[in-house]
Amino acid sequence: MNNLEVITLTKRSLKEAVIENKFWGDSYEPPFSMNKATWMLENNRIDDEDVFAILGYENHTIIAFVSLMPDFIKKEDGDLKKIFWSQKWWVADKYKNTVLPTFVKSNSLTEVNNQVIVRFLGDYTKAYYDKQPFIKFSKRPRYIIVFNLDHKILISKKSGLKKVTGLLRFLDKISEKATYLINNKKSKNRTKMLSYRYLSTIDDENWDFIEDYCAHDIVPKTQEYVNWQISNNQYHVIKDGEAKPRYKCLLESISNKIHNLNFMVEKEGENIGFISGLVKGNRFLLRFFITNQDNFDHCIDALMVNFLKSECTLLQTENAVLAERIKKNYLNIYADSKNLVSLVHNEIDMNFHDVIIKDRDGNFA
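Quantities reported herein were computed from a predicted structural model and do not represent experimental measurements.

> Looking at this structure, how should I read the environment of Leu343?
Considering the arrangement of structural elements, one finds Leu343 in strand β14 (residues 334–345). C-alpha separation for the pair Leu343 and Phe137, spaced 206 residues apart in sequence, amounts to 6.0 Å. Non-local contacts of Leu343, meaning those with residues more than four positions away in its chain, are made with Val116, Ile117, Val118, Leu121, Tyr129, Phe134, Ile135, Lys136 and Phe137.

> Sorry if this is basic, but what is going on with the packing of helix α6 (residues 165–190) against helix α9 (residues 296–309) here?
Helix-helix packing is described using two parameters, namely the angle between the two axes and the distance between the axes. Running from N to C, α6 and α9 point in directions that differ by 135°, and their axes come no closer than 9 Å. As the angle between them shows, α6 and α9 are arranged oblique. In this structure, α6 crosses over α9, and the sense of that crossing is left-handed. Residues Tyr180, Asn183, Asn184, Ser187, Lys188 and Arg190 of α6 form the contact with α9, whose participating residues are Asp301, Met304, Val305 and Leu308. Of the residues assigned to the contact of α6 with α9, the class counts are four nonpolar, three polar and three charged.

> Please clarify how the packing of aromatic side chains should be interpreted in this entry.
Aromatic ring pairs are reported here in terms of the distance separating the ring centres and the angle at which the planes meet. Counted by the stated rule, this structure contains 21 aromatic pairs. With centroids separated by 5.7 Å and ring planes inclined at 85°, the aromatic side chains of Phe23 and Trp24 adopt a geometry described as edge-to-face. Accessibility expressed as a relative area gives 1% for Phe23, which makes it buried. A network of ring pairs unites the aromatic residues Phe23, Trp24, Tyr28 and Tyr57 as a single cluster. Between Lys22 and the ring centre of Tyr28, over which it is positioned, the NZ or CZ distance is 4.8 Å. Positioned above the aromatic ring of Tyr225 is the side chain of Arg45, whose terminal nitrogen or guanidinium carbon lies 3.7 Å from the ring centre.

> What is the right way to read the side chain of Arg360 from this model?
Among the structural elements, Arg360 can be located in the segment after β14. The class for Arg360 is buried, based on a relative accessible area of 9%. What Arg360 contacts, discounting residues up to four positions off in sequence, is Tyr213, Cys214, Asp217, Lys221, Gln229, Arg287, Phe288 and Ile290.

> How should I be thinking about the pattern of salt bridges in this particular structure?
Close approach of charged atoms allows side chains of opposite charge to pair. Here the structure, examined in full by the defined rule, presents 20 salt bridges. Arg45 is the partner of Asp71 in a salt bridge, and the nearest nitrogen-oxygen pair spans 3.1 Å. Residue Asp71 is located in strand β3 (residues 61–74), and its partner Arg45 is located in the loop between α2 (34–41) and β2 (51–58); the two are separated by 26 residues in the primary sequence. The residues Asp71 and Arg45 share a single accessibility class, namely buried. Between Asp93 and Lys96 there is a salt bridge; the shortest N-O distance is 3.0 Å. Judged by its relative accessible area of 48%, Lys96 falls in the partly exposed class. Residues joined by salt bridges that share partners form a network here, namely Asp217, Lys221, Lys358, Arg360 and Asp361.

> Please clarify how the sheet that holds strand β13 (residues 314–317) should be interpreted in this entry.
Within a sheet, each strand pairs with its neighbour through backbone hydrogen bonds, oriented either parallel or antiparallel. Spatially, the 12 strands line up as an open sheet ordered β1-β2-β3-β4-β5-β14-β6-β13-β12-β11-β10-β7, and their pairing is mixed. Two strands in the sheet have a free side with no partner beyond their single neighbour: β1 (4–10) and β7 (194–198). Within the sheet, the average angular offset between the axes of one strand and its neighbour, ignoring direction, is 25°. With seven bridges connecting them, β1 and β2 associate as antiparallel partners. In the sheet register, Leu4 faces β2, and the bridge partner there is Glu58. Contacts from α9 reach β7, β10 (258–267), β11 (270–280), β12 (283–291) and β13, with the element oriented near 155° to β12.

> For this particular structure, what's the right way to read the nonpolar core?
Nonpolar side chains tend toward joint burial in soluble globular proteins. Leu14, Phe32, Leu55, Phe65, Met69, Ile117 and Phe352 are the most contacted members of the largest nonpolar core, which has 62 residues in total. Top contributing element to this core by residue count: β3, with eight residues. By size, the runner-up hydrophobic cluster in this structure holds 29 residues, among which are Leu194, Phe263, Phe284 and Ile326.

> What is the right way to read a nonpolar patch on the surface from this model?
Among the surface-exposed residues, Leu167, Phe170, Leu171 and Ile174 lie close enough to one another that they form a single nonpolar patch of about 380 Å² accessible area. Considering the arrangement of structural elements, one finds Leu167 in helix α6.

> Help me out: how do you make sense of the pairing of β3 in this one?
Here is the key point about a regular strand: its side chains alternate between the two faces of the sheet. Most of β3 is tucked away, with 11 of its 14 residues classed as buried. Across six bridges, β2 lies against β3 in antiparallel orientation. Residue pairing across strands places Ala53 opposite Ser67, the latter belonging to β3. In this sheet, strand β4 (residues 80–91) lies alongside β3 in antiparallel orientation, the contact comprising 11 bridges.

> Is there a simple way to explain α2 in this structure?
Every α-helix winds through 3.6 residues per turn, so residues three or four apart in the chain are directed the same way. Among the residues of α2, those classed as buried are Lys36, Ala37, Trp39, Met40 and Leu41. In the core, the buried residues of α2 are packed alongside α1 (11–20), β2, β3 and α8 (223–229).

> Honestly, the pairing of β12 in this entry has me stumped. Any pointers?
Where burial is concerned, most of β12 is hidden: eight out of the nine residues are buried. The sheet contact formed by β11 and β12 spans eight bridges and is antiparallel. Bridged to Gly273 within β12 is Thr291. The turn linking β11 back onto β12 is made up of two residues, and Gly281 within it adopts a positive phi angle of 65°. Both β12 and β13 contribute to a ladder of three bridges, which runs parallel. Within β13, the residue paired with Arg283 across the bridge is Leu314. The parallel pair β12 and β13 is bridged by α9, and the resulting crossover is right-handed.

Reading guide: rules and limits
Residues numbered from 1 in each chain as written. Predicted model: local features only at pLDDT ≥ 70, side-chain atom pairs only at ≥ 80, totals over all residues. Heavy atoms only, no water. Helix = DSSP H or I, 4+ residues; strand = E, 2+ residues; numbered from the N terminus. Contact = heavy atoms within 4.5 Å. Axes fitted to C-alpha atoms, helices over the stretch in contact; angles between N-to-C directions. Parallel < 35°, antiparallel > 145°, perpendicular 65-115°, else oblique. Left-handed = near helix turned anticlockwise from the far one by under 90°. Nonpolar A, V, L, I, M, F, W, Y, C, P; charged D, E, K, R; others polar. Phe/Tyr/Trp six-rings, centres within 6.5 Å; stacked < 30°, edge-to-face > 60°. Buried < 20%, exposed > 50% of the residue type's maximum accessible area, 1.4 Å probe, protein only. Lys NZ or Arg CZ within 6 Å of the ring centre and 35° of its normal. Salt bridge = Lys/Arg side-chain N within 4 Å of Asp/Glu carboxyl O. Pairing = 2+ DSSP bridges. Core = buried A, V, L, I, M, F, W, Y, C linked by side-chain atoms within 4.5 Å. Patch = residues over 30% accessible without salt bridge, like charges linked within 9 Å, V, L, I, M, F, W, Y side chains within 5 Å. Areas by Shrake-Rupley, 256 points an atom, 1.4 Å probe, with all protein chains shown as cover. Right-handed = clockwise from strand over helix to strand, strands pointing away.

Below you can see the structure in the form of C-alpha cells.
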C-alpha cells in the first residue's frame, strides 16, 4: 500500500468537505453522493465531533470505507444514550487479504469508544465479529417476495443459466405481466373504500397518528427525525440523458429510479395506516408499516396497490406477519426468507435481551 491515508470523517469535517467540494471535484474519490452528504448533515441528533465514517485512500482513490450513523437509543429507565449504527464495511478487492479491513474496522470502533450497534450480521463479516466482544440480539426474519421470474437472480444462483438468458428474459416479462394483472385486479377490488394521501413530509395531524405506534421503539422517534429519515433530498435521481457520476457510491443513493414512497391510508375520512418504503429500480424496501390489528389487512391491500403502481417486482420486509399474508393472498413467483441477527458491543451498558430492531430502526438506505 503506497501513500495510504486514513481519514476520520466527522460532522464538522463533512461540513467543510461539502463547502470545499473535497470529495465531488477532481480530488478525493467520494464514498457517497453530495445529496447523501448534505442529508446526513441535516440530522440534529448528530454533534459536530460525531464520526460518520472511516475512509481509506491510496493516491486519493478510495480503497476502504466504514460507515457509521450516530443516533440515540432509549435505555430501560427512559434516558437516551448516544450510539453509532455500523452500516457498511467495504474494502477494495485488491486489499481484502491484507491487514487493511481489520485496521479500518478497529479504527472505527476506537473512534466512537466502542458504542456500536450492527443492524444485522452479514455472512462475510461473521468470522470477524465472532472473535470480537459483541453480543447477538434481535433475531428476526427478512422476507424477499418476488413477483416475476427474475432472470438476474436465477443466473446469480446458477451460472449455467447464462446460456439461456434470452429465454429467461422473455419468461421474466411474461411472468411479470401475469402477476401484475392478477394482483392489480385483486388489490383494487379490496381497496375500493380506501384512499391515500402521499407525503413528502409528515405534518402534525399525521404525526398524532404515527407517534403512539413508535412509543416503544428502541430508537426514539420524533416528527422531525422521521421527516429526515424519509426525505427524498438524500437521493440523486439521474435524469434522462444525464451521465451517471463516475465514482463509487458505497452508500447507494444514485439511480434513474430512486425515491421514498410515503403515504397515509384513509378509510371513511379517517387515518388507518402509514406506509413508507424505498423504491429503487425494481425493488421496494418496506420500512414503515403502521396500523392496528383491525386495519392490518386493509393496509396490506393498500401497500400492494402502491407497490404495483411503482412497477417494482421485488418486495423486502422484516414484518413476518405481513410477508406471510402477502404470500397467502397475492400471486408471487417465489419468496425467500433469511434469519437476521443484530450485534451490540458489550461496552454499551444496557440489557438488550428482549430488544427487537424494527424496519424503521437504524435503517438509512
